[in-house]
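These are the residues of each chain, in order.
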Amino acid sequence: PGAGKTTLANQALEKMAALKKEEPNEIRAIGLDLDICVPEWMKENFAKGMYPTFAERQQFASAACDYVDDAIALEKTQISQEEESGGTLDSNLAAVVSFSFVNQDLRDYFRQRFPQTKWVLINTTEMEADLRIQQRENHFYKGKDGAEGKIERELPTKDIEENTKEDNPDWEFDPVDFEHISLDGKCSIDQNAKQVLDIILETAG
């Protein structure tokens, strides 16, 4: 959280749209911010410093993946209709998904549903991320220091230690142990957006 991924994704999509005007290509790119899939009760819990359990994350992941599938299917239908009327040359579709995949289990779920996905990580220091979190407005995640007050979950008496590790109650960022592209968070948004644009063109071209 706070790495600037949504801003970066939006700027990369803007660059893609500008490029298509200058040099028409067959790629259509759409942006999908998975924050829209976070239910209201989960947002309220985030504001209190109470983070989703493993089971709740799995439920969220299922709904979020369905959202991505539906959005892609809808766009493909739109492209087909435009092709029939001669209104588009687009034949390749790229979906740029932005989200804070803090937990390994969330990543595993998405990788299973979308095995061809290219993963891009914005490598940002915790200090810089916390500063950005404090500066943004109208977002449900306020950071660990900005929560209204940490509320401890009542865990089952059996296997408390195992449940605590799995649920990640402190919302620590799990190491990324699979192949991915790392962007330097100290670089400008414009510079990183150009790299994301190159990734879109390479992947969907």
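1. Topic: the overall build of the chain
- Looking only at helices and strands, the chain features seven helices and four strands.
- For the chain, with 205 residues in total, the buried portion stands at 39%.
- Partitioning the intrachain contacts of the chain with sequence separation of at least 6 by distance along the chain shows that 82% fall at a separation of at least 24.
- When the accessible surface of the chain is split by element, carbon and sulfur atoms take 49% of a total near 12,500 Å².

2. Let's talk about the packing of helix α1 (residues 5–22) against helix α7 (residues 189–204)
- Relative orientation of the contacting elements α1 and α7 amounts to 60 degrees, with a least axis distance of 8 Å. Considering their axes alone, α1 and α7 lie oblique with respect to each other. Taken as a pair, α1 and α7 cross one another with a handedness that is right-handed. Contact residues: Thr7, Leu8, Gln11, Ala12, Lys15, Met16 and Leu19 in α1; Ile189, Asp190, Asn192, Ala193, Lys194, Val196, Leu197, Ile200 and Leu201 in α7.
- Class assignment of the residues belonging to the contact of α1 with α7 gives a composition of 10 nonpolar, three polar and three charged.

3. Some details on the packing of helix α3 (residues 54–84) against helix α4 (residues 104–113)
- For the pair α3 and α4, the least separation of the axes is 10 Å and the interaxial angle reads 30 degrees. Between α3 and α4 the crossing geometry is right-handed. Residue-level contacts link Phe54, Arg57, Gln58, Phe60, Ala61, Ser62, Ala64, Cys65, Asp66 and Asp69 of α3 to Asp105, Leu106, Tyr109, Phe110 and Arg113 of α4.
- Tallied by class, residues from the contact of α3 with α4 come to eight nonpolar, two polar and five charged.

4. Some words on the pattern of salt bridges
- Enumeration according to the criterion identifies eight salt bridges in this entry.
- Put simply, Glu75 and Arg28 hold a salt bridge, and the shortest N to O gap is 3.1 Å. Placement of Glu75 in helix α3 and of Arg28 in strand β1 (residues 27–33) is noted, with a sequence separation of 47 residues between them. In this structure, Glu75 and Arg28 share a single accessibility class: buried.
- Residues Asp105 and Arg57 are paired through a salt bridge, measuring 2.7 Å at the closest nitrogen-oxygen approach. In this pair, Asp105 is assigned in helix α4 and Arg57 in helix α3, connecting sequence segments 48 residues apart. For the pair Asp105 and Arg57, one class covers both residues: buried.
- If you follow the salt bridges from partner to partner, you end up with Lys15, Asp190 and Lys194 in one network.

Cut-offs applied
Residues numbered from 1 in each chain as written. Predicted model: local features only at pLDDT ≥ 70, side-chain atom pairs only at ≥ 80, totals over all residues. Heavy atoms only, no water. Helix = DSSP H or I, 4+ residues; strand = E, 2+ residues; numbered from the N terminus. Buried < 20%, exposed > 50% of the residue type's maximum accessible area, 1.4 Å probe, protein only. Contact = heavy atoms within 4.5 Å. Areas by Shrake-Rupley, 256 points an atom, 1.4 Å probe, with all protein chains shown as cover. Axes fitted to C-alpha atoms, helices over the stretch in contact; angles between N-to-C directions. Parallel < 35°, antiparallel > 145°, perpendicular 65-115°, else oblique. Left-handed = near helix turned anticlockwise from the far one by under 90°. Nonpolar A, V, L, I, M, F, W, Y, C, P; charged D, E, K, R; others polar. Salt bridge = Lys/Arg side-chain N within 4 Å of Asp/Glu carboxyl O.

Read these as geometric descriptors, not functional statements.
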